[in-house]
Amino acid sequence: MKSANSVLSSYGTTIFEVMSRLAVEHGAVNLGQGFPEGLEPPALLEAAARAMKEQSQQYPSMMGTPALRRAVAEHARRFHGLTVDPDREVMVTSGGTEALADCLFGLIEPGDEVVLIEPLYDSYLPIVRRAGGVARLVRLEPPEWKLPRRALEAAFSDKTKLLIINTPMNPTGKVFDAEELAFIAGLLERFDAYCVCDEVYEHLIYDGRRHLPLICLPGMRERCLRIGSAGKTFSLTGWKVGYVTACPALLQPVAKAHQYIAFTTPPNLQQAVAEGLGSADAYYRGLADGLQARRDKLARGLAAIGFSVLPCYGSYFLTADFRPLGWNGDDVEFCKHITVKAGVAAVPVSIFYQAGDVRHYARFCFAKKDEAIDEAISRLARFFGAPQA
Ligand code: PMP
Ligand code: GLN
């Protein structure tokens, strides 16, 4: 047999799938893969069902339905004061993952350098490499996940085509602040580079913090591609509806990738998301408040068992150091062990790095029903012999 593509073949099955399969096999409470439970808005489910019955089920425009493009533009105006032309600056994709791939395939020429910040979401690097890009990795280190400005600057060169940033960030829960973003904006201008802004968690942000899209900073309108995901904003990850917002000169090449990858996205789901984006402020506040309460519940439970839990300002995820529990193996062994033996699945943080010694943190997803969080905590408490709350 002739060999398959060597870049993609060098990767195993994604950890999210691996841990979810293991969780099912062992009847574990799945706090591994990042998907919410119990938060799906009934109005969107009804809107999708209605649109399924009443609207066309044929290919919509490859750029997305006019209603959804208008809703994405209006959402950007409402939350970020950003003026967006829905006809020329918005493209609907089949999820944030497709949007990321479209941006990377559409912009990277073989040999271009791409700056990536670790810990990084698992789809970035394979796609960058498959597109012929050369990755320049910069590391954030726990427990503070501070942006190493010197190292970031050193990763840029005349060959840099683009940077990918993810804020709020998976798995760290970091939210980039205005100063960090201004520093990044300076580098993009100095090195004439673009930025793919993975902002799928923009509404999952806590403790009164506000999400600041890089595209809103001076000079960034023509350099940034902003990616959103209805999967996260409406707790419907299986729908795979995403969107890219960028100036026409950047969006056009990205649309060239999209037209050969997914081309379109189910029209009834687009209609429901268009309606959802117009939800009252109470919806968005309720989403963040509800998740913040779950974050706090899980953090308290893990801390009582003995984990050292890091702060989380956004996203679905808590990162916890398990060394205080006396575990001497690495994080991959730990997460498999607790899935099989304690009946609680988590994801090892080392998989978000290419190498190095961050091997003692587990990522727990808190976007679950209260009962699931309670059950996970009591299983872990029993397993580690901690007093039950
Ligand atoms: N980026 C990050 C950082 C994510 O965690 C996810 C979650 N899957 C995505 C992108 C992709 O989102 P979607 O499910 O819309 O493809
Ligand atoms: N973003 C989710 C996570 O980090 C999962 C996405 C996926 O399974 N590909 O867990």
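These remarks concern the structure in this document. (Residues numbered from 1 in each chain as written. Chains lettered and ligands numbered in written order. Predicted model: local features only at pLDDT ≥ 70, side-chain atom pairs only at ≥ 80, totals over all residues. Heavy atoms only, no water.)

A word on the packing of aromatic side chains
Selection criterion: For Phe, Tyr and Trp, where Trp contributes only its six-membered ring, two rings pair if their centres lie within 6.5 Å, and the inter-plane angle classes them as stacked under 30 degrees, edge-to-face over 60, or tilted in between. Helix numbers and strand numbers start at the N terminus; a helix is a DSSP run of H or I with at least 4 residues, a strand a run of E with at least 2. Residue exposure (1.4 Å probe, protein chains only): buried if accessible area is under 20% of the type maximum, exposed if over 50%, otherwise partly exposed.
Across all of its chains, the model carries 19 aromatic pairs by this definition. Taking 6.1 Å as the distance between ring centres and 80° as the angle between the ring planes, the aromatic pair formed by Tyr201 and Phe317 counts as edge-to-face. Here Phe317 lies in strand β10 (residues 317–321) and Tyr201 lies in the loop between β6 (194–198) and β7 (224–229), a separation of 116 residues in the sequence. Just as Tyr201 is buried, Phe317 falls in that class too. Taking 5.3 Å as the distance between ring centres and 75° as the angle between the ring planes, the aromatic pair formed by Tyr283 and Tyr284 counts as edge-to-face. Just as Tyr283 is buried, Tyr284 falls in that class too.

As for the site of ligand 1
In plain terms, the rule: The rule for a residue being near a molecule or strand is that one of its heavy atoms must lie within 4 Å of it. Two N or O atoms form a polar contact when they lie within 3.5 Å of each other; inside protein one atom must be a possible hydrogen donor and the other a possible acceptor, and for residues adjacent in sequence the pair counts only when both atoms belong to side chains. Throughout, the Shrake-Rupley method with a 1.4 Å probe supplies accessible areas, and for residues the shown protein chains are the sole cover considered. Here the term cavity refers to a set of points on a 1 Å grid, laid over the protein atoms alone, in which a 1.4 Å probe fits but cannot get out; the term pocket refers to an open set having protein on both sides within 12 Å along at least five of seven lines, with lining residues being those that place an atom within 4 Å of a point. In this description, a molecule resides in a pocket or cavity if more than half of its atoms sit within 2 Å of the grid points defining it. Ten residues, namely Ala, Val, Leu, Ile, Met, Phe, Trp, Tyr, Cys and Pro, are considered nonpolar, four, namely Asp, Glu, Lys and Arg, are considered charged, and the remaining ones, Gly among them, are considered polar.
As a matter of local geometry, ligand 1 sits amid 13 residues, with Thr97, Asp198, Tyr201, Lys232 and Lys240 nearest to it. A distance of 2.5 Å separates a nitrogen atom of ligand 1 from a polar atom in the side chain of Asp198. Here Lys232 contributes a side-chain N or O atom positioned 3.0 Å from a nitrogen atom of ligand 1. Protein coverage of the free-state accessible area of ligand 1, which is 390 Å², stands at 93%. Its atoms largely coinciding with the cavity grid, ligand 1 occupies the largest pocket. No other element matches the four residues that helix α5 (residues 95–107) contributes to the shell around ligand 1. Looking at side-chain class alone, the shell around ligand 1 contains four nonpolar, six polar and three charged residues.

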